[in-house]
Amino acid sequence: MTQTVLEVADLTKSFGRASIIRGADLQVTAGERHALIGPNGAGKSTLFHLISGRIASDSGSIRFNGQEISAEPAHRIARLGLARSFQINNLFLNMSAFENIRLATLWSQGVRAHSLWRMASSLRNINDKADQVLESLHLMRVRNVLVGTLSYAEQRALEIGMAIAGDPRMVLLDEPTAGMSKAETERMLALIRSVTIGRSLLVIEHDMQMVFNLADRISVLVYGKVIATGTPQEVRSNPQVQEAYLGSALGDPK
Ligand SMILES: Nc1ncnc2c1ncn2[C@@H]1O[C@H](COP(=O)(O)OP(=O)(O)OP(=O)(O)O)[C@@H](O)[C@H]1O
Ligand SMILES: [Mg+2]
């Protein structure tokens, strides 16, 4: 039987009087690449903030590896092996690519709680790990370059590196190809495929071609509810989904 890694059940969240997540259900299985799609403002990023512990839900449950995490703070959820990147840029622009990844590696190992002595002894491993991550991102040539001077596509690749630096079991990526050219999008797709091997991926994406190429399964969020989950073919032919998208984006992938 396929193991469920993430299970969101009947989750709700309001901001003031605006009900944004309205009983959302979602399951992601081990090793699966799962896309979350839906119209602008449907609540996709909000759902990511809830899953990653950045904001608190009002009711419902979020289980990761069978453990209830809806009341856990973000740093503890990250330590449990659920990492995320942000829709907005989250890098240290006046540090090098290497230093950024090394910081993410240090955090993922809970270095703040370590003694200086233990930190010094693990530094070499951490440096090696940071270089491995840069290698997997094809960013070794900019290892010592200030991140603020990298191209937009390189910065977004580095953000994914920050998310995978701690070897998480599951990664959440919010619109990793937003603002990219077609060629950059294709490179990013290949990168996401390779760095998520052996992990579960939940990715928010508006580029339907990317979604259909990457995802094993897709869930569709509309007005804070998942209205359909299935294979790309199942979702594309679902009448409710076609209605939500007015038939356009799904019927004719870019
Ligand atoms: N902190 C907040 N306070 C008040 N309203 C919020 C807050 N965060 C999000 N919202 C509202 O919740 C709704 C859903 O926003 P969210 O960013 O989750 O949508 P989304 O599906 O990610 O959209 P997009 O595809 O445009 O990124 C929007 O109407 C937004 O204005
Ligand atoms: Mg969003």
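In this text the structure is predicted, and so the values were computed from the model without any measurement.

## Focus on the sheet that holds strand E3 (residues 33-37)
Within the open sheet, the 6 strands sit side by side as E6-E7-E8-E3-E9-E10. Their pairing is mixed. One side of each edge strand has no neighbouring strand; the edge strands of this open sheet are strand E6 (82-84) and strand E10 (225-230). Mean inter-strand twist for the sheet, computed between neighbouring axes without regard to direction, equals 20°. By the bridge criterion, 4 bridges tie E3 to strand E8 (residues 200-204) in an arrangement that is parallel. From the neighbouring strand, Arg33 faces E8, where its bridge partner is Leu201. Against the sheet, helix H1 (residues 44-51) engages E3, E6, strand E7 (170-174), E8 and strand E9 (217-222), with an angle of about 150° to E7.

## Side note on unusual backbone geometry
Of note, Asp10 is a non-glycine position whose phi angle comes to about 50°, a positive value. Look at Tyr223: it is not a glycine, yet its phi comes out positive at around 45°. Topologically, Tyr223 is positioned in the loop between E9 and E10. A residue is classified by how many C-beta atoms lie within 10 Å of it, and Tyr223, with 15 of them, is partly exposed.

## A look at helix H3 (residues 97-108)
Given 3.6 residues per turn, any residue in an α-helix points the same way as the ones three and four places further on. In this model H3 runs 17 Å from its N-terminal to its C-terminal C-alpha over 12 residues, within 8% of the 16 Å that 1.5 Å per residue would give. Buried within H3 are the following residues: Ala97, Phe98, Asn100, Ile101, Arg102, Ala104, Thr105, Leu106 and Ser108.

Conventions we followed
Residues numbered from 1 in each chain as written. Chains lettered and ligands numbered in written order. Predicted model: local features only at pLDDT ≥ 70, side-chain atom pairs only at ≥ 80, totals over all residues. Pairing = 2+ DSSP bridges. Helix = DSSP H or I, 4+ residues; strand = E, 2+ residues; numbered from the N terminus. Axes fitted to C-alpha atoms, helices over the stretch in contact; angles between N-to-C directions. Contact = placed C-beta atoms within 7 Å. Buried ≥ 20, exposed ≤ 12 C-beta atoms within 10 Å, placed from the backbone. Expected span 1.5 Å × (residues − 1).

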